[in-house]
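# Chain and residue survey
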Amino acid sequence: MKTLSGGSVRKQLILASVLSSGTALVLVGAAMVGYDALELRRALIRRLSVQADIVGANGVSAILFSDQESAEKTLAAFRADPRVIAASIYADGQRFATYLRDPGMESDLLDEGLNLASGGHRLDRDLLLLSKDLVFEGKTIGRVVVASELTEMKTAMLRGGVLVSVVLAGSLGIAIVISSRLQRRITEPVRRLADVARRVSQDRDYSVRASGAGNEEIDSLILSFNEMLEEIRKQQHELRAAHDKLELRVAERTAQLKAANDELEAFSYSVSHDLRAPLRHIAGFAEMLEGQSASLGEEGRRCLKKISLAATRMGQLIDDLLSFSRIGRSDMQTTPVNLSQLVEEVVREARAEEKVPAEWRLGTLPVVKGDRALLRLVFTNLISNAIKYSSKDAHPRIEVKLAGKEDGEVVVCVSDNGVGFDMAYASKLFGVFQRLHRADEFEGTGIGLANVRRIVHRHGGRTWAEGVPGQGASFYLSLPVEQRLP
Amino acid sequence: MVTSPQRGRIVLFLCLLAGLGDGTTTLSDVVTKRATEYEMKAAYLYYFATFVTWPSETLSNASTGQQDLVIGILGDDPFGALLEETIRGKKVNDHRLIVRRFESVTEARESNILYISSSEKDDLSHILSTLEGAAVLTVGEMEGFASRGGQIGFLTEERKVRFEINVGAVKRAGLKVSAQLMKLARIVHNG
């Protein structure tokens, strides 16, 4: 309880009630004691005044008859009141008779009473001096001066102070007890509310509700809180419903798309397949005609040659299309595949195609998860491409290496120092039958990279390429890494 | 007979001598406080009037509704003008005070306070018996005045004027003496 602003609500509430009740009590106590003191003082003055009157009246005759002894006897009546410490009767401005409670004490203080008005008094720290004129037949014949102690007043003040302190201590104790009970009724629901809020934010459980407190303000707070929770819960529900609906729609569309795709593939497969029969006829009959080429003439033979070549090329295209189709339709047999081994095999076979011996750089490659036959096709395509497009260089250099390893996938790069390509056409590289070079420059149908992309996609990976015309090309593919091996 | 101023001077002189011998009193004390014996006695007579209550009928007059309070002097007058000076302009319970000097006791019955001079000491019992039944406060200064049947007798002790009261005599006269006065007096019961 260092300051009013610090600490918990609990402490502040207790402090506030204790302070307010304490202040009230101190004020009331001070007022009571002050009023008491005032009243007591008035009573003391009144009492002393009456006593002075009585004694004075009894002393009149003693003064008249100059009977000092009698006057002293009269003053001795003050002995009944131990608070009166001294009294004197003055006649003609001279001390006539004196009473001292304690013999031997200083009595000069009484003389000051002569300076007071009749019936007047002077209140010192611990002394009340009161003076009364003695009147005989309308004439002032003397004066009585009485000095009284204020111990009574002091005792009363002390008693009042002690009483107020005791009452204060008691009341503060009770105030603390009561306020700590009351504050529990206020802070307990707030604490419970905080608990509920914490549970909501931690568990994301919007179905819990805070309970009431039996306290208007806090109940309204709890009500608002619960309404807020209900609102959140409703919105979440709606969001989830919308999300579910969306998912369903996506699944539906995907299924439709897949069906359409399947249909298309089946169609292209059967078309390709069905195209082969008439093509075989064309090729066969063209061959037959070649046997009788003598009768055709120069122009006829040239045309026949073109028909034959076109038929062969078309056959090739159809075969490629069928293989592409098959890649999309065949089932994948997923096993761990050691890429280093695979690449070595492929390179060994591919070197037969080399026209100029190339410089081979084969890096260590990881083990991935995939269909070995399909992956073999990928690398066969890439490597044969590399050989093909670098064959015109005097010193072909072909490199296969691990280009990166992140987020559960590995990136393999196959690069060469061949003709390269313009990056403007990078997006077309992987399309079916897309070619950047003329067929008489580099042979091929343009199905290779399409197959590569298709296979890598089926493995859940990506393909991309970088190239600079005349400086070479790099083909990248990412594959999901084999989890069992690091 | 010595005149009062002369007597006053003599008394003052005596008092001066006494005061000087005493050593505790000063000249001013003597002059201001120690009034002459008869000044004091005159004042005392006036004071007695204030502390004594007479039966109502003796002080009320049917015609005027009020009567003078008479201080009588029987025999030789030791006061001279002192008594008149003392009571001049004074009233007790609205009764004007007057001084009368009597030659005969029978006349003296009309007084309320009667100072019986020491000159009458041989005749005292007769005077007192003549005053029997009258509400008269008898005051004297002769020796044994109160014990001889007088009511208030002056005594002079150590240069102070004191007095004794014969309670029985006061009672017989139908008077009431205030306790204030009683406590100052020496009480005499006999007679």
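Owing to the predicted nature of the structure, the values given are computational and were not obtained by experimental measurement. (Residues numbered from 1 in each chain as written. Chains lettered and ligands numbered in written order. Predicted model: local features only at pLDDT ≥ 70, side-chain atom pairs only at ≥ 80, totals over all residues.)

## Observations regarding the overall build of chain A
- Looking only at helices and strands, chain A features eight helices and 12 strands.
- When the 486 residues of chain A are sorted by exposure, 25% land in the buried category.
- In chain A, 66% of the contacts between residues at least 6 apart in sequence involve partners at least 24 apart. (Helix = DSSP H or I, 4+ residues; strand = E, 2+ residues; numbered from the N terminus. Buried ≥ 20, exposed ≤ 12 C-beta atoms within 10 Å, placed from the backbone. Contact = placed C-beta atoms within 7 Å.)

## Things to note about the overall build of chain B
- Helix and strand counts for chain B come out as nine helices and 10 strands.
- Going through the 191 residues of chain B one by one, you find that 37% of them count as buried.
- Nonlocal contacts in chain B, meaning residues at least 24 apart in sequence, comprise 62% of its contacts between residues at least 6 apart.

## Regarding the interface of chain A and chain B
- Facing 11 residues of chain A, the contacting portion of chain B comprises 10 residues.
- In terms of residue count, the dominant contributor to the side of chain A that touches chain B is helix α1 (residues 9-64) of chain A (five residues).
- Grouping the amino acids of the side of chain A that touches chain B by side-chain chemistry returns four nonpolar, four polar and three charged. (Nonpolar A, V, L, I, M, F, W, Y, C, P; charged D, E, K, R; others polar.)

## Concerning the pairing of strand β1 (residues 84-91) of chain A
Residue and element names in this part refer to chain A.
- Among the eight residues of β1, eight are classified as buried, and the element is accordingly described as predominantly covered.
- When β1 meets strand β5 (residues 139-149), the two strands line up antiparallel, connected through seven bridges. Within β5, the position partnered with A86 by the bridge is A147.
- Counting the residues that bridge the hairpin from β1 to strand β2 (residues 94-100) gives two residues, and of these D92 lies at a positive phi of roughly 55°. (Pairing = 2+ DSSP bridges.)

## Describing unusual backbone geometry
- Unusually for a residue other than glycine, E137 of chain A sits at a positive phi of about 50°.
- For N93 of chain B, which is not glycine, the phi torsion reads 50° and is therefore positive.
- Structurally, the position occupied by N93 of chain B is in the loop between β3 (91-92) and β4 (95-102).
- On the basis of neighbour counts, which here come to 12 C-beta atoms within 10 Å, the residue N93 of chain B falls in the exposed class.

## Some details on the sheet that holds strand β11 (residues 463-468) of chain A
Residues and elements named next belong to chain A.
- Pairing is mixed in the open sheet, where five strands are placed in the order β7-β9-β10-β12-β11. The two strands at the open ends of the sheet, each matched to only one other strand, are β7 (359-362) and β11. On average, each strand axis in the sheet is tilted by 15° relative to the strand beside it, whichever way the strands run.
- In the sheet, β11 pairs with strand β12 (residues 472-480) via six bridges, with the strands oriented antiparallel. (Axes fitted to C-alpha atoms, helices over the stretch in contact; angles between N-to-C directions.)

## Focus: the nonpolar core
- Core analysis: the largest hydrophobic core is formed by 81 residues, its most contacted members being A87 of chain A together with L45 and F48 of chain B.
- Ranked by the residues each element gives to this core, the list is headed by helix α3 (residues 37-51) of chain B, at 10 residues.
- Setting aside chain neighbours within four positions, we find F48 of chain B in contact with I113, L137, V139 and I152 of chain B.
- V378, F430, A473 and L479 of chain A belong to the second-largest nonpolar core, a separate cluster that totals 39 residues. (Core = buried A, V, L, I, M, F, W, Y, C linked by C-beta atoms within 7 Å.)

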